[in-house]
Amino acid sequence: MHRQRVIIRTLGLATAVALAATACGPQKSGASGPASPAPSSPTAVASPETSPSTDGKPGESSPSASPSASASPSASASPSPSPTVKQIMANGDDTEQVRELQARLKQLKLMSVAPTGFYGTKTTSAVRSFQSKNGLTATGSVDEPTWRKIQSATKKPTAEELRPPVVNEADAPDPRCMQGRVMCISKESRTLAWMIDGKIVSTMDVRFGSENTPTREGVFNVGWKAKEWTSTIYHTPMPYAMFFSGGQAVHYSADFAARGYAGASHGCVNVRDKAKLSALFDAVQVGDKVVVYW
């Protein structure tokens, strides 16, 4: 036992970091989009799902680890429509039909952000506003009468309207991002805002893990950085990696740059603008805060 303690003390943080295995890499074609929102703890610094890798290296997010069950946000987001009216879309959905809904709401000037396919608070608010203006029950969810009225008031979105080649518009920052140096990452708007003392310095598009390998939400800190890194599980490059929760990191993804939101990560926060991320990598320091939220 005494000998084991000596070995552990001798190992040191630097060696442990050097041995840390990383789990991120792009999902294959057909991977689903970001996981449905799960309750997050503002004080969380690591995920209970993190488990040792098969070779026993520290800091590993095992690809076989099962994410904990997530509570559906639609249960409390808005009143339920009448049981006699079929509900088509609601808070928490992540589908191509939601993307079309958002593009149509943007035509009506009820949404300003680019369509993401995820039905969150912005979409709920826009739908509720449309319902109020058109004599419909303002639930914030889309039932058949609401969807028919939205369709009749708009034209079928073009491919460019559904996936505009512009940078996503950042959300209003989470309150936990308003002090200090923070990478403020919104799953709803799919953006990362680099903030210092409550002011946004730069923003960039990001992509998250799939439903089976979700990006963890909560408050974290940058534990270590690596300008050049390769996933030890998926053997894919992770340039400009900034690790914040076990094997999960913010990093550049060539797959994201090529395929956009048609793919997903294995839990990391992917960035597709290499130049912007390079500048961010130089600015971020180990210990800086990371906030991931819906």
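Above this note sits the structure.
Q: In this structure, what is going on with the overall build of the protein? I would like to understand it.
A: Across its full length, the protein carries 8 helices and 11 strands. Counting only residues that meet the buried cut, the protein has 45% of its 294 residues in that class. The long-range share in the protein, meaning contacts at least 24 apart out of those at least 6 apart in sequence, stands at 63%. When the accessible surface of the protein is summed, it comes to about 14200 Å², and 55% of that surface belongs to carbon and sulfur atoms.

Q: Got a minute to help me understand the pairing of strand 5 (residues 199-207) in this structure?
A: Every other side chain in a regular strand lies on the same face of the sheet, so the side chains alternate between the two faces. Of the strand pairs in this sheet, strand 4 (residues 191-196) and strand 5 are connected by 6 bridges, and their pairing is antiparallel. Counted as the bridge partner of Trp 194 is Ser 202 from strand 5. One ladder, built from 2 bridges, connects strand 5 with strand 10 (residues 269-271); its direction is antiparallel. When the bridges of strand 10 are listed, Val 206 appears paired with Val 271.

Q: What should I look at first to understand the side chain of Asp 143 in this one?
A: With respect to the secondary-structure elements, Asp 143 resides in strand 2 (residues 142-143). No salt bridge is formed by the buried Asp 143; the nearest opposite charge belongs to Arg 148, separated by 7.4 Å. For Asp 143, the side chain forms a polar contact with the side chain of Thr 146, separated by 2.8 Å. What Asp 143 contacts, discounting residues up to four positions off in sequence, is Val 85, Lys 86, Gln 87 and Ile 88.

Q: Can you help me understand helix 4 (residues 121-133) in this one?
A: In an α-helix, one full turn covers 3.6 residues, which means residues spaced three or four apart are oriented alike. Taking 1.5 Å of rise per residue, the 13 residues of helix 4 would be expected to cover 18 Å, and the 18 Å separating its terminal C-alpha atoms lies within 8% of that figure. For helix 4, the full list of buried residues reads Thr 123, Thr 124, Ala 126, Val 127, Phe 130 and Gln 131. One side of helix 4 carries all its buried residues, which in axial view fall inside an arc of 165 degrees. Opposite its buried face, helix 4 presents the exposed residues Thr 121, Ser 132 and Lys 133, each directed more than 90 degrees away. Where helix 4 is buried, its residues meet helix 3 (96-107), strand 2 and helix 5 (144-153). Remark: Gly 135 follows helix 4 within two positions and exhibits a positive phi of approximately 70 degrees.

Q: Explain the pattern of salt bridges to me, please; I cannot follow it from the model alone.
A: For side chains bearing opposite charge, pairing can occur when the charged atoms are close. Counted under the stated rule, the structure contains 11 salt bridges. One salt bridge connects Glu 96 with Arg 99, and the closest N-O pair in it is separated by 3.5 Å. With Glu 96 and Arg 99 both in helix 3 and 3 residues apart, the pair spans about one turn of that helix. Given a relative accessible area of 48%, Glu 96 falls into the partly exposed group. On the accessibility criterion, Arg 99 (4% relative accessible area) is buried. Here Glu 217 and Lys 187 are joined by a salt bridge, their closest N and O atoms 2.5 Å apart.

Q: What am I meant to see in the sheet that holds strand 7 (residues 224-226) here?
A: Pairing between sheet strands relies on hydrogen bonds along the backbone, with the strands arranged either parallel or antiparallel. Across the sheet, 9 strands lie side by side as 6-11-3-4-5-10-9-8-7; this open sheet has mixed pairing. Of all the strands in the sheet, the pair left with one neighbour each is strand 6 (218-221) and strand 7. This sheet shows a mean twist of 25 degrees between the axes of neighbouring strands, independent of strand direction. Sheet topology places strand 6 next to strand 11 (residues 289-293); 4 bridges connect them, and they run antiparallel. Across the sheet, residue Gly 218 finds its bridge partner in strand 11, namely Val 292.

Q: What's the story with unusual backbone geometry in this structure? I'm lost.
A: As a rule of thumb, non-glycine residues mostly have phi less than zero, and peptide bonds are mostly trans rather than cis. Positive phi, close to 55 degrees, is recorded for Arg 190, a residue that is not glycine. Mapped onto the fold, Arg 190 is located in the loop between strand 3 (181-186) and strand 4.

Q: How should I be thinking about the pairing of strand 4 in this particular structure?
A: The buried count for strand 4 comes to 5 of 6 residues, which makes it a mostly enclosed element. Sheet topology note: the strand 3/strand 4 ladder contains 6 bridges and is antiparallel. Looking at the pairing, Cys 184 lines up with Ala 193 of strand 4. Hairpin connection from strand 3 to strand 4: 4 residues lie between these consecutive antiparallel strands, with Arg 190 at a positive phi of about 55 degrees. Between the antiparallel neighbours strand 4 and strand 5 lie 2 residues, among them Asp 197 with a positive phi of about 55 degrees.

Cut-offs applied
Note on numbering: residues in each chain are counted from 1, in written sequence order. Whole-chain, interface and lining totals are the exception, using all residues; otherwise, since this is a predicted model, local features are given only for residues with pLDDT of at least 70 and side-chain atom pairs are given and counted only at 80 or more. The side-chain numbers reported here are obtained from all heavy atoms of the structure, hydrogens and water having been left aside. Helix numbers and strand numbers start at the N terminus; a helix is a DSSP run of H or I with at least 4 residues, a strand a run of E with at least 2. A simple rule labels every residue: compare its accessible area, found with a 1.4 Å probe on the protein chains alone, to the largest value its type can have, and call it buried under 20%, exposed over 50%, or partly exposed in between. We call two residues in contact whenever any of their non-hydrogen atoms come within 4.5 Å of each other. For every accessible area listed, the method is Shrake-Rupley and the probe measures 1.4 Å; residues are considered covered only by the protein chains on display. For two strands to be treated as a pair, DSSP must find no fewer than two bridges joining them. In summary, the charge assignment counts Lys and Arg as positive and Asp and Glu as negative, without counting His or the chain termini. For salt bridges, the criterion is a side-chain nitrogen of Lys or Arg within 4 Å of an Asp or Glu carboxyl oxygen. For this analysis, a polar contact is any N or O atom pair within 3.5 Å, provided that within protein one partner can donate a hydrogen and the other can accept it, and provided that sequence-adjacent residues contribute only side-chain to side-chain pairs. What a helix should span is 1.5 Å times the count of its residues minus one. This arc corresponds to the set of directions leading from the helix axis out to the C-beta atoms. Structural elements are reduced to axes, namely lines fitted to C-alpha atoms, with helices fitted over the stretch in contact, and the angle between N-to-C directions of any two is expressed from 0 to 180 degrees.

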